[in-house]
Amino acid sequence: MKEYFLLMVGAALVNNVILGRFLGLCSFMGVTTRIDTAVGMGMAATFVITVSSMVNWVVQTFLLQPYDLAYLRTVTFILVIAAAVQFTEMTVKKVSPPLFQMLGIYLPLITTNCAVLGVALLLVAGEMNFIASTLFAFASALGYSLVMVIFAGLRERMALANVPRLFDGPPIGFIAASLLALAFMGFSGMSTTG
């Protein structure tokens with residue numbers, strides 16, 4: 001149990017997909033102008049990352065690996081991710097049309113979000129069992145969502161601040177992102193090994 005807890009803490013905080021592995025930066029900079037949008041994107045990405053990673057684990061373990069089809073891994077994983085995104089997109093459109101409108105183009109772009117594919121590939125590299133893979137994917141997605149919401153809050157505050165014109169817009173966003181990454185580096189001192 002302790003091993004799973006440490007795995008989740010490591011995936012969410014120590015090796016955060018955005019701030020530690022630099023995956024998913026397009027949505028990180030594009031969707032985080034408002035907290036409600038970041039929460040919606042985080043929930044959608046959490047669902048897609050978790051479900052697609054579970055399915056990809058099954059595909060890898062019972063299809064690609066036994067039949068020596070590792071060369072089809074990326075294409076297969078992207079197809080699974082695309083199906084999960086389509087399901088998520090249909091569900092969000094039906095359940096919350098305003099959220100669907102707010103997320104706009106970023107919702108279908110989850111398919112090409114490198115964080116989603118990156119987590120699936122990290123699971124293959126880590127050779128984890130199904131439970132560990134699911135927990136790792138879920139924790140990685142929670143870490144992704146946490147960073148998205150924190151950064152959206154920072155950007156909302158910066159929009160009200162008197163920022164020098166030279167730094168207004170993306171420059172101050174990148175500075176804030178780098179400071180947030182430094183803050184998350186403080187978690188790297190935590191022991192994530194048994």
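In what follows, the structure referred to is the one given above.
Colleague: Just to check I follow, could you spell out the overall build of the protein chain for this structure?
Modeller: A tally of helices and strands in the protein chain yields eight helices and zero strands. In the protein chain, the succession of α and β elements from N to C terminus is α-α-α-α-α-α-α-α. The C-alpha atoms of the protein chain give a radius of gyration of 17 Å, which matches the 16 Å a tight globule of 194 residues would have. For the protein chain, the C-alpha atoms occupy an extent of roughly 60 × 40 × 30 Å along the three principal directions. Counting all 194 residues of the protein chain, 42% fall into the buried class. Once local pairs closer than 6 in sequence are excluded, the contacts in the protein chain between residues at least 24 apart make up 78%. Carbon and sulfur atoms make up 70% of the accessible area of the protein chain, which amounts to about 10400 Å² in all. In the protein chain, which carries 9 positive and 7 negative side-chain charges, the distance between the mean positions of the two groups comes to 7 Å.

Colleague: Help me out: how do you make sense of the packing of helix H4 (residues 73–95) against helix H6 (residues 114–126) in this one?
Modeller: Helix-helix packing is described using two parameters, namely the angle between the two axes and the distance between the axes. Packing of H4 against H6 leaves a shortest axis separation of 10 Å and a crossing angle of 130°. Regarding the angle of H4 to H6, the classification is oblique. For the crossing formed where H4 meets H6, the hand is right-handed. Seen from H4, the contacting residues are Arg73, Thr74, Phe77, Ile78 and Ile81; seen from H6, they are Val116, Leu117, Ala120, Leu121 and Val124. Taken together, the residues of the contact of H4 with H6 break down into eight nonpolar, one polar and one charged.

Scoring rules and cut-offs
- Residues numbered from 1 in each chain as written.
- Predicted model: local features only at pLDDT ≥ 70, side-chain atom pairs only at ≥ 80, totals over all residues.
- Heavy atoms only, no water.
- Helix = DSSP H or I, 4+ residues; strand = E, 2+ residues; numbered from the N terminus.
- Rg over C-alpha atoms; globule rule 2.2 N^0.38 Å.
- Buried < 20%, exposed > 50% of the residue type's maximum accessible area, 1.4 Å probe, protein only.
- Contact = heavy atoms within 4.5 Å.
- Areas by Shrake-Rupley, 256 points an atom, 1.4 Å probe, with all protein chains shown as cover.
- Lys, Arg positive; Asp, Glu negative; His and termini not counted.
- Charge placed at Lys NZ, Arg CZ, Asp CG, Glu CD.
- Axes fitted to C-alpha atoms, helices over the stretch in contact; angles between N-to-C directions.
- Parallel < 35°, antiparallel > 145°, perpendicular 65-115°, else oblique.
- Left-handed = near helix turned anticlockwise from the far one by under 90°.
- Nonpolar A, V, L, I, M, F, W, Y, C, P; charged D, E, K, R; others polar.

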